[in-house]
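Residue strings, one per chain:
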Amino acid sequence: MNAHLHWFLPTGGDGRTLVDRHAYADGGIKRHRVTPASGVWAPDIEYLAQIAKAAEQLGFEAVLTPTGTWCEDAWLTTVALAQHTERLKFLVAFRPGVISPVLAAQMAATYQRITRGRLLLNVVTGGDSTEQRRFGDHLDHDRRYARTAEFLSVVRGAWSGQPYDFDGEYYQVEGGLTALPPDPLPEIFFGGSSAAAGPVAAAHSDVYLTWGEPPAAVKEKIDWIRGLTEEQGRTVRFGIRLHTISRDSSREAWATADRLLGDLDPDTIAAAQQALGKSESVGQQRMLALHGGSRANLEIAPNLWAGVGLVRGGAGTALVGSHAEVADRIEEYHALGVEHFVLSGYPHLEEAYWFGEGVTPELARRGLLPTVPASPLLGRTGAESRTGPARGGTPLLLRRPLSPAVDACRHRGSGPLPRTGRSRSPEQLVEA
């Protein structure tokens, strides 16, 4: 069983801090701050294109795109980015309750043809009633999962190529179909830790996705879902959602984690924990329980750091360590049956290179990957060539031609890498 590596598209903003766009009253659109935050960037299509291109060059199979109020629309953003890439797949997150299942089936079919088969689907049932009501959805937690089961039944029925009828509690469809079914059918990724979520995952998902809990807890989830799928005569594969902080040495990696933690004042953590504590998501409550809102003892398992979850919802843990140590932990999860690794880091462009140039070759050497991805630095010869991150510095990135000022900044050998794109002038890039 090979491991499949995926990265993340921060369509809700990115930065050098764990404090995200929710630190702004307007979600970062007009940059009106509620609490001080530096190094927080609103979404920019050119920057997202850089991440997508880097992910493709570094050998990631797909990129996950989130959904929600503070994100750009996942369908529109990724189909635009598909024009900037050739092989990269897009794991598009969407909420079943706010779109017709037959329309979703048709959109997926169109997407597959436009991108020549590069769509994966991440079904997000939703664990926050406030967020759901914002989109006009007033069902409670368990009924949302029951509706998701019907939704996915209709989607697969509409993909059959024959008129499909369905008469359920939430959907009534007569003759639903897509005139040209998608080829291949998009794989369906699905997550949920509640009793209501398990049977839906077992009946309808291709990949069950969990957030990054300690290995023993992940094994319990895998055993639970595997048992449910066996009862239905199905099989399902497993994936895990994690952040990463991988460096040439463990000391450097933990220093980066400490810097991220240093950005978080007690008031910011308390406000985030209060908001996250209201979530109905069982998975979110499991994330909160890993740290209890405290900065103490955040390494909850070897190289597994819960600091992200102090202020961010969803995936709240990161693999932190040297490239070999991060590879060790991935190998440990892989031995439990985890096949898909959906990864991310702050900021996403630079962390993609740290992982892709440091951890990916290590995983290939251990036989977890079928091939070693070609280096994005092909063409560098002699003393300039290397197979991993530059010692003591930030990974070098391939970009379009830059101004002399920005190019000089890129090659200084220390400090953060500048972002490119129309959103900043060369002078601003040097200061970034």
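It should be emphasised that the depicted structure is a prediction, and the values quoted were computed from it without experimental measurement.

Colleague: Is there a simple way to think about the confidence of the model for the chain in this case?
Modeller: Interpreting fine coordinate detail is not advised for predicted regions of low pLDDT. Scored by pLDDT, the chain has a mean of 83; 81% of the residues are at 70 or more. With pLDDT under 50 throughout, residues 31-36 is counted as low confidence; its partners more than four residues away or in other chains account for 15 contacts.

Colleague: Would you take a moment to explain unusual backbone geometry for this structure?
Modeller: Following Asp183, the chain continues into Pro184 via a peptide bond in cis, with omega recorded as 0°. By the element assignment, Pro184 lies in the loop between β8 (172-176) and β9 (188-190). With an omega dihedral of -10°, the bond running from Tyr346 to Pro347 counts as a cis peptide bond. The residue Pro347 is located in the loop between β15 (338-344) and α12 (348-365) in this model. Of note, Arg116 is a non-glycine position whose phi angle comes to about 60°, a positive value. In this fold, Arg116 is placed in the loop between α3 (101-115) and β6 (119-123). The backbone phi angle of Asn297 is positive, close to 55°, even though this residue is not glycine. Among the structural elements, Asn297 can be located in the loop between α10 (282-289) and β12 (299-301).

Colleague: Would you mind showing me how to read the environment of Val359 here?
Modeller: Mapped onto the fold, Val359 is located in helix α12. Distance in space between the C-alpha atoms of Val359 and Glu325 is 8.9 Å, their sequence separation being 34 residues. Sequence-distant contacts of Val359, defined by excluding residues within four places in its chain, comprise Ser246, His323, Val326, Ala327, Ile330 and Trp354.

Here is what the cut-offs are and how they apply
- Starting afresh in each chain, residues are numbered from 1 along the sequence in its written order.
- Predicted model: local features are reported for residues with pLDDT of at least 70 only, side-chain atom pairs are reported and counted for 80 or more only, and whole-chain, interface and lining totals are derived from all residues.
- Note: side-chain values were computed over all heavy atoms of the structure, leaving out hydrogens and water.
- Per-residue confidence from the predictor is reported as pLDDT, which spans 0 to 100.
- Contact criterion: two residues are considered in contact whenever any of their non-hydrogen atoms come within 4.5 Å of each other.
- Numbered from the N terminus, helices here are DSSP runs of H or I no shorter than four residues, and strands are runs of E no shorter than two.

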